[in-house]
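As a plain string of letters, each chain reads:
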Amino acid sequence: MPPLKRMQWDQRVSVGVPEIDRQHQILFSVINQLMDLHEEGATDTFDILEQLTHYLNYHFHTEHTIMLGSDYPDFGDHSSEHQKFIDQVLGFLDAYENGKSPLPRELLTFLHEWFVHHILQTDRRLGAFLERERKNKRLTAPPE
Ligand SMILES: [Fe+2]
Ligand SMILES: [Fe+2]
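Residues numbered from 1 in each chain as written. Chains lettered and ligands numbered in written order. Predicted model: local features only at pLDDT ≥ 70, side-chain atom pairs only at ≥ 80, totals over all residues.

Would you explain the nonpolar core in this entry?
As a rule of thumb, nonpolar side chains are buried together in soluble globular proteins. Membership of the largest hydrophobic core is limited to ten residues, which are Met-7, Leu-27, Phe-28, Ile-31, Leu-34, Met-35, Leu-103, Leu-107, Leu-108 and Leu-111. At the level of elements, helix H1 (18-40) and helix H4 (105-140) are the ones that each hand at least two residues to this core. If one sorts the elements of this core by residue count, H1 sits on top with five residues. (Core = buried A, V, L, I, M, F, W, Y, C linked by C-beta atoms within 7 Å. Buried ≥ 20, exposed ≤ 12 C-beta atoms within 10 Å, placed from the backbone. Helix = DSSP H or I, 4+ residues; strand = E, 2+ residues; numbered from the N terminus.)

Right under this line is the structure:
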């Protein structure tokens, strides 16, 4: 088996919102830790998985708050992508007996691919919207 491709954060996956970018970097590093554990053949991944699910909820909540606070028109589609993803991850974890075997490789490649795709397609659309909003406000703001 070739080694799993690690998640790498660079400007290409930047959303342009510092808080979201910071959280993505943390998520990338948690996923990379899971990949390390997988390759070491570790079976007890409970702590890191818990960290991942906890941080995922926190991250999605942050994005939802930003979307609602800016009247983002695509809130419905964006948040249902998050929900579908959570359901898929939980489906994987349901089938996985922690402590008995290493995490399935398919879960790790799924996490990797989902994140890159979601960030490039969906989070960046939100980032572009926020950027446009900022510019519009600057244009319409009364002179100080
Ligand atoms: Fe995100
Ligand atoms: Fe998102």
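From this point, the discussion proceeds with the structure in view.
For this particular structure, what's the right way to read the packing of helix H2 (residues 46-69) against helix H3 (residues 75-95)?
Two quantities define a packed helix pair, namely the angle between the helix axes and the distance between the axes. The contact between H2 and H3 brings their axes to 10 Å, and the two run at 170°. Relative to H3, the element H2 lies roughly antiparallel. In this structure, H2 contributes Leu-49, Leu-56, Phe-60, His-64, Met-67 and Leu-68 to the contact, and H3 contributes Phe-75, His-78, Ser-79, His-82, Ile-86 and Leu-93. Looking at the contact of H2 with H3 residue by residue, the class counts come to eight nonpolar, four polar and no charged. (Axes fitted to C-alpha atoms, helices over the stretch in contact; angles between N-to-C directions. Parallel < 35°, antiparallel > 145°, perpendicular 65-115°, else oblique. Contact = placed C-beta atoms within 7 Å. Nonpolar A, V, L, I, M, F, W, Y, C, P; charged D, E, K, R; others polar.)

Please clarify how the packing of H3 against H4 should be interpreted in this entry.
The interhelical angle for the contact between H3 and H4, taken along N-to-C directions, is 175°, at an axis separation of 11 Å. Taken together, the axes of H3 and H4 lie roughly antiparallel to each other. Two secondary-structure elements touch here, H3 through His-78, Glu-81, Phe-85 and Phe-92 and H4 through Leu-107, Trp-114, His-118, Thr-122 and Leu-126.

Before we go on, may I ask you to explain the environment of Ile-48 in this structure?
Locating Ile-48 in the fold gives a position in helix H2. Residue Ile-48 is classed as partly exposed on the basis of its C-beta count, with 17 C-beta atoms lying within 10 Å. With 25 residues separating them along the chain, Ile-48 and Pro-73 place their C-alpha atoms 34 Å apart.

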